[in-house]
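Descriptive analysis of the structure
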Amino acid sequence: MTLSLNDLNLKKKCDTPAEMDLVGVDGKETGVKLLVLGGHSEVVNQHVNRALNDARRNAALAAKRGRKTVQYTPIEDDIEFGVESVAVRIVGWSGITEQYSQENALALCASNAEVCRQVREFSEDIANFTKG
């Protein structure tokens, strides 16, 4: 048996959303289904790269301007980056009254750390995107 490079392309497989059942804090399924991209998805990578490049660009500009003080990043910024990095993985849903939008996905993740945890774990489990 041989595999092609396409068969081994995890980025492409992670670009195809997989359906995730959201579990409530009681451990029972909520009836909410989220469409989630894999952690190796090009969309996810672009989001993370863009945010990190922006931070590096700002630091370089500050250094170029001769700032001698160290740039300070509040923990709230890191938390917000983490939430955004999870929300970008959600690309659709069912079982939620509000219509899916990237803004609503961000609102969901910002208001519910358990959703963030479940989406992150699901997204990072490559088996969810390589079945079949």
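Residues numbered from 1 in each chain as written. Predicted model: local features only at pLDDT ≥ 70, side-chain atom pairs only at ≥ 80, totals over all residues. Heavy atoms only, no water.

Take the pairing of strand E1 (residues 18-23) next. Judged by which residues are buried, E1 turns out to be one-sided: Ala18, Met20 and Leu22 face inward and are buried, whereas Glu19, Asp21 and Val23, on the alternate face, are not. Here five bridges tie E1 to strand E2 (residues 29-36), and the two strands are oriented antiparallel to one another. By the bridge assignment, Val23 is partnered in E2 with Glu29. The loop that links E1 with its antiparallel partner E2 comprises five residues; one of these, Gly27, has a positive phi angle of about 90°. (Buried < 20%, exposed > 50% of the residue type's maximum accessible area, 1.4 Å probe, protein only. Helix = DSSP H or I, 4+ residues; strand = E, 2+ residues; numbered from the N terminus. Pairing = 2+ DSSP bridges.)

Here the focus is the packing of helix H2 (residues 42-64) against helix H3 (residues 75-87). The interhelical angle for the contact between H2 and H3, taken along N-to-C directions, is 155°, at an axis separation of 9 Å. One finds that H2 runs roughly antiparallel with respect to H3. The hand of the H2/H3 crossing is right-handed. For the pair formed by H2 and H3, the contact residues are His47, Val48 and Ala51 on the first element and Phe81, Glu84 and Ser85 on the second. Residue composition of the contact of H2 with H3, grouped by class: three nonpolar, two polar and one charged. (Axes fitted to C-alpha atoms, helices over the stretch in contact; angles between N-to-C directions. Parallel < 35°, antiparallel > 145°, perpendicular 65-115°, else oblique. Left-handed = near helix turned anticlockwise from the far one by under 90°. Contact = heavy atoms within 4.5 Å. Nonpolar A, V, L, I, M, F, W, Y, C, P; charged D, E, K, R; others polar.)

In this section: the packing of aromatic side chains. Applying the stated criterion across every chain yields a total of two aromatic pairs. The interplanar angle of 85° and the centroid separation of 5.4 Å between the aromatic rings of Trp93 and Tyr100 together place this pair among those described as edge-to-face. Overall, Trp93 belongs to the buried group, its relative accessible area being 15%. Aromatic pair Phe122 and Phe129: ring centres 5.9 Å apart, planes at 75°, arrangement edge-to-face. In this pair, the class of Phe122 matches that of Phe129, namely buried. (Phe/Tyr/Trp six-rings, centres within 6.5 Å; stacked < 30°, edge-to-face > 60°.)

The quantities given are spatial measurements derived from coordinates; they are silent on function.
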